[in-house]
Amino acid sequence: MTATATLDAFNTLAGLPRAGAVPAGHLAAAARLLEEAMHAVEHDVAQARDRIIQVRDLLLHRSPEKAAPEAVRGGLAPWQARRVTALIERRLDGTLCNEDLAVEVKLSTSHFCTAFRQTFGMSPHAFIISRRVERAKALMLDTDDALAEIADACGFADQAHFSRLFRQITGSSPASWRRANAIDVSLIA
């Protein structure tokens, strides 16, 4: 049995379309939506999630016009998601607690944490840490600041805290990540 036949058999059992049966127009649209999702994930996780859902619908032969919008039951309203992410971005270098975030969107702390996880797929704490690591990556690429200064600018308790969480998320230390991703200015000139 060939690989294509095996994939077709699996897809038939799973109720998915046959391999190679995705129309070319859907592939182009899927590529565009994935590109939008890639850019949106940095600042608007909800928009990135919507784009990924649209790609899934295209690949499963659901026309985008007919695809039922998937509302997140129990999640944050769009205005709440925007306000809380804006607050996180503004205060990323300082202390952020769930109570402050909940007050911003007019919810109890318990309800907020549940709704946040439903909307973003992770706890508020995990989201904040991931945003701090992303900001640290940008600072490491754009500045020559010491790692201790970057850790402080991103709201980490100290350089050790920063290094531990950075390694946990990226799999490498901040210093080795910086070396591996540094742009050699001499090559540009």
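All of the points below concern the structure found in this document. Everything numeric here is computed off the predicted structure, so don't read it as measured data.

Focus: the overall build of the protein
Next up, step 1: For the protein, the count of helices and strands is eleven helices and zero strands.
Next up, step 2: Walking the protein from its N terminus toward its C terminus, one meets helices and strands in the order α-α-α-α-α-α-α-α-α-α-α.
Next up, step 3: The buried share among the 189 residues of the protein stands at 32%.
Next up, step 4: Counted over contacts in the protein with a minimum sequence separation of 6, partners at least 24 positions apart contribute 52%.
Next up, step 5: When the accessible surface of the protein is summed, it comes to about 11,600 Å², and 57% of that surface belongs to carbon and sulfur atoms.

Notes on unusual backbone geometry
Next up, step 1: Here the phi dihedral of K106 falls at roughly 60°; this positive angle occurs in a residue that is not glycine.
Next up, step 2: With respect to the secondary-structure elements, K106 resides in the loop between α5 (98-104) and α6 (109-120).

Considerations on the pattern of salt bridges
Side chains bearing opposite charge may pair, as long as their charged atoms lie close to each other.
Next up, step 1: Counted under the stated rule, the structure contains five salt bridges.
Next up, step 2: Its salt-bridge partner being R131, residue E89 comes within 2.6 Å of it at the nearest N-O pair. You can see E89 sitting in helix α4 (residues 78-90) and its partner R131 sitting in helix α7 (residues 124-142), a full 42 residues away along the chain.
Next up, step 3: One salt bridge connects R135 with E89, and the closest N-O pair in it is separated by 3.7 Å. Here R135, found in helix α7, pairs with E89, found in helix α4; they are 46 residues apart in sequence, far enough to count as distant.
Next up, step 4: Among the ionic contacts, a cluster of salt bridges with common partners joins E89, R131 and R135.

Here we look at α6
Next up, step 1: Between the first and last C-alpha of α6 there are 16 Å, a value that for twelve residues agrees with the 16 Å anticipated at 1.5 Å per step.
Next up, step 2: For α6, the full list of buried residues reads F112, A115, F116, T119 and F120. The buried residues of α6 occupy one face: seen down the axis, they fall within an arc of 110°. The exposed residues of α6 that point more than 90 degrees off its buried face are S110 and T114.

Examining the nonpolar core
Next up, step 1: Formed by 16 residues in total, the largest nonpolar core has its most connected members in L76, V84, I88, L101, F112, F116 and F120.
Next up, step 2: Among the elements of the structure, α4, α5, α6 and α7 are those that each provide at least two residues to this core.
Next up, step 3: Contact partners of L101, with chain neighbours within four places excluded, come to V84, L87, I88, L96, F112, P124 and I128.
Next up, step 4: Residues A136, C154, L165 and W177 belong to the second largest nonpolar core, which totals 13 residues.

Reading the values: the criteria
- Residues numbered from 1 in each chain as written.
- Predicted model: local features only at pLDDT ≥ 70, side-chain atom pairs only at ≥ 80, totals over all residues.
- Heavy atoms only, no water.
- Helix = DSSP H or I, 4+ residues; strand = E, 2+ residues; numbered from the N terminus.
- Buried < 20%, exposed > 50% of the residue type's maximum accessible area, 1.4 Å probe, protein only.
- Contact = heavy atoms within 4.5 Å.
- Areas by Shrake-Rupley, 256 points an atom, 1.4 Å probe, with all protein chains shown as cover.
- Salt bridge = Lys/Arg side-chain N within 4 Å of Asp/Glu carboxyl O.
- Expected span 1.5 Å × (residues − 1).
- Arc of directions from axis to C-beta.
- Core = buried A, V, L, I, M, F, W, Y, C linked by side-chain atoms within 4.5 Å.

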